[in-house]
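# Architecture and fold: a report
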Amino acid sequence: MKLINSVKNLIFDKVYLAIVTITALAGYGYELTHCSYGVDDVIYDWYIDSGRLVSMGRFTPWFINKFFKINEFTPFIIDFIGAILIILAGTVLCVVFAEVLGEDRIPSWIYAVFTSLMLVYPMNGEVFIYYMHNGMGVAFLLSAIAIYLMYSVKGEGLKAQLPRDIFALVLMVLAICCYESFSIVIITVGVILVLLKAFSGEKIQVKSEGIWVVTVVLVTAVAMVLRSIITKILCVIMGLDVYQTSGGMIGWQFSDNAAEIGATLKNQLMSNFLFYGAGYFPITLFLFAVVALIVLCGIVSWKNRDFWPIVLGLLLVIGQFSISFLLGVMQLYRMSQSIVVLVAFSVFILLVLISKCRIGRVVAVILAGIILYGSAREISQLFVFEYNMCDRCADKVKEIGSYLQNNYDLSEKKVVFVGEFSRSMDEQDYLHIRKGEAGYRFLNWCDVHVYGYDPAVVEAGRFYKKETVTDGDVLTWSVNAYNTHNWATQKLFAHYGYDIKITDTNEEYDRVVDYYNNDCADNQDDFIEYDDYVIVVLR
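Residues numbered from 1 in each chain as written. Predicted model: local features only at pLDDT ≥ 70, side-chain atom pairs only at ≥ 80, totals over all residues. Heavy atoms only, no water.

## Regarding the overall build of the protein chain
- Looking only at helices and strands, the protein chain has 25 helices and 5 strands in total.
- When contacts within the protein chain are restricted to residue pairs at least 6 apart in sequence, long-range pairs at least 24 apart make up 76% of them.
- Counting only carbon and sulfur atoms, one obtains 61% of the accessible surface of the protein chain, whose full area is about 24300 Å². (Helix = DSSP H or I, 4+ residues; strand = E, 2+ residues; numbered from the N terminus. Contact = heavy atoms within 4.5 Å. Areas by Shrake-Rupley, 256 points an atom, 1.4 Å probe, with all protein chains shown as cover.)

## What about the environment of His485?
- The topology assignment puts His485 in the loop between α23 (474–479) and α24 (487–495).
- Under the relative-accessibility criterion, His485 is labelled buried at 13%.
- Spatially, the C-alpha atom of His485 lies 5.8 Å from that of Tyr509, the residues being 24 residues apart in sequence.
- When residues no more than four places from it in sequence are discounted, the contact partners of His485 are Ile502, Thr503, Asp504, Thr505, Asn506 and Tyr509. (Buried < 20%, exposed > 50% of the residue type's maximum accessible area, 1.4 Å probe, protein only.)

## Structural notes on the sheet that holds strand β4 (residues 527–530)
- Strand order across the open sheet formed by 3 strands is β1-β5-β4, with mixed pairing between neighbours. The open sheet terminates on both sides in strands that have one partner only, identified here as β1 (414–419) and β4. Averaged over all adjacent pairs, the angle separating strand axes in this sheet is 25 degrees, with direction ignored.
- Judged from the 6 bridges that link them, β1 and strand β5 (residues 533–538) form a sheet pairing that is parallel. Directly across from Lys414, in β5, lies its bridge partner Tyr533.
- Here helix α19 (residues 358–407) sits on the sheet and contacts β1, β4 and β5; the angle it forms with β5, its principal contact strand, is near 155 degrees. (Pairing = 2+ DSSP bridges. Axes fitted to C-alpha atoms, helices over the stretch in contact; angles between N-to-C directions.)

## Some words on the pattern of salt bridges
- Using the criterion set out here, one finds 10 salt bridges in the structure.
- Close ionic contact of Glu209 with Lys154 constitutes a salt bridge, the shortest N to O distance being 3.3 Å. Remark: Lys154 occurs in the loop between α9 (136–152) and α10 (158–176) and Glu209 occurs in helix α12 (residues 206–238); sequence separation between them is 55 residues.
- You can call Glu209 buried: its relative accessible area is 6%.
- The salt bridge partner of Arg227 is Glu180, with a shortest N-O separation of 3.5 Å. Here Arg227 is found in helix α12, whereas its partner Glu180 is found in the loop between α10 and α11 (182–199), with 47 residues between them in sequence.
- Residue classification places Arg227 among the buried residues on the basis of a relative accessible area of 2%.
- When its relative accessible area of 13% is taken as the criterion, Glu180 is described as buried.
- Residues joined in a network through salt bridges with shared partners are Arg58, Glu180 and Arg227. (Salt bridge = Lys/Arg side-chain N within 4 Å of Asp/Glu carboxyl O.)

## Quick notes on the packing of aromatic side chains
- Applying the stated criterion to the full structure yields 22 aromatic pairs.
- With centroids separated by 5.0 Å and ring planes inclined at 65 degrees, the aromatic side chains of Phe97 and Phe114 adopt a geometry described as edge-to-face. Separated by 17 residues along the polypeptide, Phe97 in helix α6 (residues 75–101) and Phe114 in helix α7 (residues 108–120) bring together distant segments of the chain. As far as the burial class goes, Phe97 and Phe114 line up, both buried.
- Taken together, a centroid distance of 4.9 Å and an interplanar angle of 85 degrees make the contact between Phe140 and Phe182 edge-to-face. Pair noted here: Phe140 is in helix α9 and Phe182 is in helix α11, with a separation of 42 residues, a long-range link.
- We classify Phe140 as buried; its relative accessible area is 2%.
- Phe182 sits in the buried class, given a relative accessible area of 0%.
- Ring pairs connect the aromatic residues Phe97, Tyr111, Phe114, Phe199, Phe345 and Phe348, which therefore count as one cluster. (Phe/Tyr/Trp six-rings, centres within 6.5 Å; stacked < 30°, edge-to-face > 60°.)

## A few points about the environment of Tyr408
- Examined against the element boundaries, Tyr408 turns out to sit in the loop between α19 and β1.
- C-alpha of Tyr408 to C-alpha of Val534: the two residues are 126 residues apart in sequence and 8.4 Å apart in space.

## Concerning α10
- Over its 19 residues, α10 runs 25 Å from end to end, which matches the ideal 27 Å to within 8%, given 1.5 Å per residue.
- Taken as a whole, α10 has its buried residues at Asp165, Ala168, Leu169, Leu171, Met172, Val173, Ala175 and Ile176.
- Next to the buried residues of α10 lie α9, α11 and α12. (Expected span 1.5 Å × (residues − 1).)

## With respect to unusual backbone geometry
- If you check the backbone angles, Arg305 has positive phi at about 55 degrees while not being a glycine.
- Position of Arg305 among the secondary structure elements: in the loop between α15 (281–304) and α16 (308–319).
- Accessibility expressed as a relative area gives 58% for Arg305, which makes it exposed.

## Examining the pairing of β4
- As paired strands, β4 and β5 are joined by 4 bridges and run antiparallel to one another. By the bridge assignment for β5, Phe527 is matched with Val536.
- Linkage of β4 to β5, two consecutive antiparallel strands, is achieved through a turn of 2 residues, within which Asp531 is found at a positive phi near 50 degrees.

## A short note on the environment of Glu529
- Within the element layout of this structure, Glu529 appears in strand β4.
- With relative accessibility at 48%, the residue Glu529 sits in the partly exposed group.
- Residue contacts for Glu529: discarding those within four places in its chain leaves Tyr408 and Lys413.
- In terms of polar contacts, Glu529 uses its side chain to reach the side chain of Lys413, at 3.0 Å. (Polar contact = N/O pair within 3.5 Å; in protein donor to acceptor, adjacent residues only side chain to side chain.)

## Focus on a nonpolar patch on the surface
- Together, Val222, Val225, Leu226, Ile229, Ile233, Ile237 and Met238 make up an exposed nonpolar region whose accessible area comes to about 560 Å².
- By secondary structure assignment, the location of Leu226 is in helix α12.
- Assessed through its relative accessible area of 31%, Leu226 is described here as partly exposed. (Patch = residues over 30% accessible without salt bridge, like charges linked within 9 Å, V, L, I, M, F, W, Y side chains within 5 Å.)

Written out as structure tokens, the structure reads:
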């Protein structure tokens, strides 16, 4: 098959292989050798055995686990396979880029930078920390192959297109059934291929390229509908309720107060993307990529006397936030997959354009080195943070478990957990931008001139929390996971060998918590006996 041969040729290119391998080891070496036990992993068996993944519309990971029993493999193997799949996905996209731009027109090292950035762009860490990575590697590869199949028959007759388009549709459904955000990934890549033609000097043909973009959008929309239908059918067969925040076709629940949702989105957009770009590398790089893409699209529009590149560039950037607009809240871990592709492409096309002359090649190599080094360093630091946080939680679980075993009859007493596990100073430093760090003064200025804070209060010293999913420690998360009564905490303690009893119902749990809140507010003990319960206070 042509695709397989093209992928093999690129992967076994010495320069390509060296750059991708070094970057992968730098970014993922720590993660591969240091297993952490994070949120969601605590109740992994529940996701699979109860069919929760199916009810969430994430049928593909559930299906894979039913045949290959992923939870029987070590985390090293799962993480290694996940990284390899992302590399393969990036390589497939490079093959598609080569078909658009022409064979041998782009040096292999620039393709290597694209694939490397697909792997180590730090926002990948928002999802990769989970045991199955939400099928991220699988979904990236399926999406890339689907786009390749559709593009390979672009412009041919219906008879030639239909078989490959149907196969591509199946792959899209499987990709979106890994993680719903891959619908945006597929559309993003589809638009990118049109922009590549514009960057190569061609004027965008509205008829042919317009039909291509519309086809990609429509096929993706059909895949989303099929995902919704499959989810509902499987839920009926398995006796499950559809989990509405992601199990429906769109998954957004309309609110009575649309203005409040709009204000929330505006504040999150300003803080998480515009302001924190001053001090948080993944957002800084995203903003850099957005500005570079829009400027380059503008230049190409002017040179080609064609307004479509700038229009598509703007739509591409706005499209990265489409899931947030539908959900009514901005969540980086739901947006990160398509942002990864956008950032990698922006850097790719920038390197292509500036490396056309000798001095430009030197600048391009230096710029690529800085971006890859910064990305690999940041994602590795995120993995270190996650591991250390989980390790500290494990020590706390063992400390609590040993105390409970030694001081109480756990066959008679039920255990109720309240409070939050406090962070270490290292964790606080990682999660916040403080005085003296990059971007701090700009954020102070935003506080005064955008949000209207008292300058004296701002001058006295503030800190700014970075928005990241990894800031939730597994112990605190487990206490109220899915608004239930410590059942995830019970599983967490069982993982470390401690068998504890919990309340039988939410009502029973709430009654004990009410007692603690009303009668024990001033009690500084970490363990409080109340009737047949032991209240464990996390601090």
